[in-house]
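As a plain string of letters, each chain reads:
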Amino acid sequence: MKGGEVDARGPEPGPSARHTPAERRADMAKPKILVIEDERALVEVLAANLEREGFEVLAAHDGDEGLRQAQLKLPDLVVLDLMLPVKPGLDVCRALRAGARTRDIPIVMVTARAEESDELIGLAMGADDYVTKPYRMKVLIERIKKEIRKRQTQEEPPSGALIESQGVVIDRHSHRALFRGEELPLTPTEFRLLEVLVRQAGRAFTRYELMDAAIGEDAVVLERTIDVHIKSLRKKLGAAADLIETVRGVGYRFHEPRLVES
C-alpha cells in the first residue's frame, strides 16, 4: 500500500476564487484533464505542470470518485493510476469504455507496476497509452499532449471523411465506425487503427508502421501492443473479424475488396 501525504496547507481555492470572470472564460477553452491518482503529492506536482502548459486540471483520489467526475464533467483526457483505493484502475477503465458518453475519452494509464502483462492488460481494457512510475514529468506531459492532438485532429471535419469497404464504414467527421449499419464500440486507438487499415485495404503494414500511425511515432510501447489492439478490434468486428488478416513475418492488412468472392 502506498503511503499518504498530508498537506498542511489545506485545500486550494476553487476556480471561481482564483480567477477573474475574464480568466474563467479563457479557462473554458482549455483542454480538461482528469487525474485519478491516490498519491496527493504527485497529483499536486502533475497539476501544477499541466496548468503551466495551459490545461485545466481536475483531480480524484480514488476510483469511485474518479469515475463519477469523468461521467459528470466529461474531460478531454483521463490520467488513470492502476492501483487505486475503493475501485481499481482497470475497473474504472472498463467502466469508462462501457459508457456511451465516456467511451471516446483518451486514457493514459499510469502505474508503478512495470510488468509486460500489466501493460498488455491495460491496453486490452481500452487504455490509449501506458506510462510506468517513476516517470519523467516531461515524458508524461508529452504523452498527454499527443493524445489531445489526436482527439482534436479527429474532431476536425476532414476531406474524405467517409471511408467504406466491405460493409465497414469509417466516419471521421462523427468519429464513428460501423459494420452493416451497427456502430462498433471502439476505443480511440482502435478507431485510428481500423481507419489506417481500411483506408489502404490490401496493403500489408508492419507492426511498427501501425504503431506510428495509430499510437504515435514518439510512443515507447511494446511490439505486442499492436497485437493486443488487433485482437480486441477483431472481437468487436464480429462477423467481419476475418477482414483483418495476419501477414506472416510482416504484420497485418485489411482484406482487399477485389479479393472478396461474389
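Above this text is the structure in question.
Residues numbered from 1 in each chain as written. Predicted model: local features only at pLDDT ≥ 70, side-chain atom pairs only at ≥ 80, totals over all residues. Heavy atoms only, no water.

**Q** Hey, could you run me through the sheet that holds strand S10 (residues 205-206) in this one?
**A** Strand order in the open sheet formed by three strands is S10-S12-S11, and the pairing between neighbours is antiparallel. Among the strands making up the open sheet, the edge pair consists of S10 and strand S11 (244-247). Both S11 and strand S12 (residues 251-254) contribute to a ladder of four bridges, which runs antiparallel. Paired with threonine 246 across the bridge in S12 is tyrosine 252. Each of S10, S11 and S12 touches helix H8 (residues 188-199); the most contacted strand, S12, lies at about 65° to it. (Pairing = 2+ DSSP bridges. Helix = DSSP H or I, 4+ residues; strand = E, 2+ residues; numbered from the N terminus. Contact = heavy atoms within 4.5 Å. Axes fitted to C-alpha atoms, helices over the stretch in contact; angles between N-to-C directions.)

**Q** It is not clear to me how the environment of valine 196 should be interpreted in this structure. Could you clarify?
**A** Along the polypeptide, valine 196 turns up in helix H8. Placed 58 residues apart in sequence, valine 196 and phenylalanine 254 show a C-alpha to C-alpha distance of 9.1 Å. Ignoring sequence-local partners within four residues, the contact set of valine 196 consists of Phe205, Leu210 and Ala213.

**Q** What should I look at first to understand the nonpolar core in this one?
**A** Most often, soluble globular proteins have nonpolar side chains that are buried together. Ranked by internal contacts, the top residues of the largest apolar core, which has 27 residues, are Val168, Leu194 and Phe254. Those elements giving two or more residues to this core turn out to be strand S7 (168-171), strand S8 (176-179), H8, helix H9 (207-214), helix H10 (224-237) and S12. Broken down by element, this core gets its largest block of residues, six residues, from H8. (Core = buried A, V, L, I, M, F, W, Y, C linked by side-chain atoms within 4.5 Å. Buried < 20%, exposed > 50% of the residue type's maximum accessible area, 1.4 Å probe, protein only.)

**Q** Could you clarify how one ought to interpret H9 in this entry?
**A** Residues spaced three or four apart along an α-helix point in a common direction, a consequence of the helix completing one turn every 3.6 residues. All of the buried residues along H9 are Arg207, Leu210, Met211 and Ala214. Viewed along the axis of H9, the buried residues span an arc of 105°, placing them on a single side of the element. (Arc of directions from axis to C-beta.)

**Q** How should the sheet that holds S8 be read in this particular structure?
**A** Each strand in a sheet pairs with another by means of backbone hydrogen bonds, the pair being arranged parallel or else antiparallel. Strand order in this open sheet of four strands is S6-S7-S8-S9, and the pairing throughout is antiparallel. For this open sheet the edge positions go to strand S6 (162-165) and strand S9 (182-183), each flanked by a neighbour on one side alone. When S8 meets S9, the two strands line up antiparallel, connected through two bridges. Residue pairing for S9: phenylalanine 179 is matched across the bridge by glutamate 182. Packed on one face of the sheet, H8 meets S6, S7 and S8 and runs near 115° to S7.

**Q** Help me out: how do you make sense of the pairing of strand S4 (residues 107-111) in this one?
**A** Where a strand is regular, its side chains alternate between the two sheet faces. For S4, a buried count of five out of five residues is recorded, marking the element as mostly surrounded by other parts of the structure. Burial along S4 is two-sided: Ile107, Met109 and Thr111 and Val108 and Val110, pointing in opposite directions, are all buried. Here four bridges tie strand S3 (residues 77-81) to S4, and the two strands are oriented parallel to one another. Among the inter-strand pairings, valine 79 is bridged to a residue of S4, identified as valine 108. In the classification by handedness, the crossover that spans S3, the intervening helix H5 (residues 89-98) and the parallel S4 is right-handed. Bridge analysis of S4 against strand S5 (residues 129-132) gives four bridges, and the strand direction is parallel. Across the sheet, the residue bridging to threonine 111 is threonine 132, located in S5. (Right-handed = clockwise from strand over helix to strand, strands pointing away.)

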